[in-house]
Every structure is written in C-alpha cells, then in structure tokens.
Amino acid sequence: MATSKRIVLRFPRRLVDRPIVSRLVKDYNLDFNILKASVTPEEEGLLVLEMSGKQDDYDRGIEYLTKTGVHIQSLSQDVTRNEERCTHCGACITVCPAGAFELEPATRRVKFLDKKCIACGLCIKACPPRAMELHF
Ligand code: SF4
Ligand code: SF4
C-alpha cells in the first residue's frame with residue numbers, strides 16, 4: 001500500500017551537514033518533495049517534506065530518521081492565534097522560520113499568515129501573552 005504524508009523534520013546542529021535525506025531515496029525507496037527548508041534561530045535545520053512510498057518503506061524510513069536523532073512532527077498539527085490575546089508586540093516575527101508573521105507598517109499590527117505556517121511551534125513559547133496555540 002502506498003502512502004504520502006507531509007512532515008516536518010528538525011535536525012539538531014550536529015546533523016545538519018549529513019546526507020540523511022538522500023538516504024531515504026537510496027535505501028528506503030521513498031520519494032519526497034521539499035516544501036520548505038530553513039535554519040531556525042537555534043541553528044537547527046528545518047525541512048518540510050511531502051514524503052511518499054510504500055507503507056513499509058515509509059515506516060522504515062521514519063524509524064531510520066528517528067534513530068539518527070531527527071525530530072519528526074506531523075503536519076496534522078495546527079497552530080492558531082487567539083486574536084483577543086495578541087498584543088501585536090512583534091516577538092513572533094523573528095522566531096518564525098516560515099515568515100508567517102508580518103508587520104503592517106501603517107497600523108503597526110502583526111498579521112498572522114496561517115497559510116505559511118508549518119506548525120513548528122517556535123512561536124508558542126516566544127509569545128509573551130501566549131496568544132499562539134497548538135492544536136492536535
Ligand atoms: S508574539 Fe504573540 S502577542 Fe506578540 S505579535 Fe506575536 S502573536 Fe501577537
Ligand atoms: S508555528 Fe509559529 S513559528 Fe512555527 S511556522 Fe507557524 S507561525 Fe511560524
């Protein structure tokens with residue numbers, strides 16, 4: 001049975017230069033599309049992938065990534081903003097690796113572009129009034 005899922009991979013600093021993702025193709029027969037790649041402020045590598053292949057290969061590939069020390073998160077998580085809590089302080093703008101926050105110069109309000117959000121969760125701790133919420 002074939003499967004295709006969108007996942008977020010976080011690579012600790014020590015793994016950033018290693019050819020981990022290419023092994024998914026070579027050793028596990030998986031295909032992937034990179035939807036987003038960036039480096040977080042903590043210098044972790046962050047990749048959002050659409051990964052597809054046979055279910056068995058997919059499961060083995062995920063096991064390989066986990067054993068290597070890559071943190072995997074499913075994109076079924078959803079991040080929203082509680083508009084009543086947001087004070088438009090701007091603290092989230094610099095931490096977001098996906099550019100999902102924008103300052104509107106005219107109003108000095110911070111816009112949340114939820115379509116860009118990759119649900120990495122970094123803004124949740126960074127937001128002083130805890131306006132960003134993670135839902136499963
Ligand atoms: S850090 Fe929180 S309160 Fe500040 S602009 Fe971002 S969402 Fe709003
Ligand atoms: S969870 Fe927050 S920091 Fe991460 S991509 Fe979404 S808006 Fe940006």
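This text goes with the structure placed above it.
This is a predicted model, so every value here is computed, not measured. (Residues numbered from 1 in each chain as written. Chains lettered and ligands numbered in written order. Predicted model: local features only at pLDDT ≥ 70, side-chain atom pairs only at ≥ 80, totals over all residues. Heavy atoms only, no water.)

**Student:** What am I meant to see in unusual backbone geometry here?
**Tutor:** Peptide bonds are mostly trans, and most non-glycine residues show a negative phi. Look at R108: it is not a glycine, yet its phi comes out positive at around 60°. Looking at the element boundaries, R108 is found in the loop between β6 (101–104) and β7 (109–112). Given a relative accessible area of 55%, R108 falls into the exposed group. With a phi close to 55°, R130 is a non-glycine residue in the positive phi region. (Helix = DSSP H or I, 4+ residues; strand = E, 2+ residues; numbered from the N terminus. Buried < 20%, exposed > 50% of the residue type's maximum accessible area, 1.4 Å probe, protein only.)

**Student:** I keep staring at the sheet that holds strand β3 (residues 45–54) and nothing clicks. Help me out?
**Tutor:** Whether parallel or antiparallel, the strands of a sheet pair through hydrogen bonds between backbone atoms. With antiparallel pairing, four strands are arranged side by side in an open sheet as β2-β3-β1-β4. With one partner strand each, in any of the chains shown, β2 (31–39) and β4 (71–74) form the two edges of the open sheet. This sheet shows a mean twist of 25° between the axes of neighbouring strands, independent of strand direction. Where strand β1 (residues 2–11) meets β3, ten bridges bridge the pair, whose relative direction is antiparallel. Across the sheet, L9 pairs through a bridge with L47, a residue of β3. Where helix α2 (residues 55–68) meets the sheet, its contacts fall on β1, β3 and β4, and the angle it forms with β1 comes to roughly 10°. (Pairing = 2+ DSSP bridges. Axes fitted to C-alpha atoms, helices over the stretch in contact; angles between N-to-C directions. Contact = heavy atoms within 4.5 Å.)

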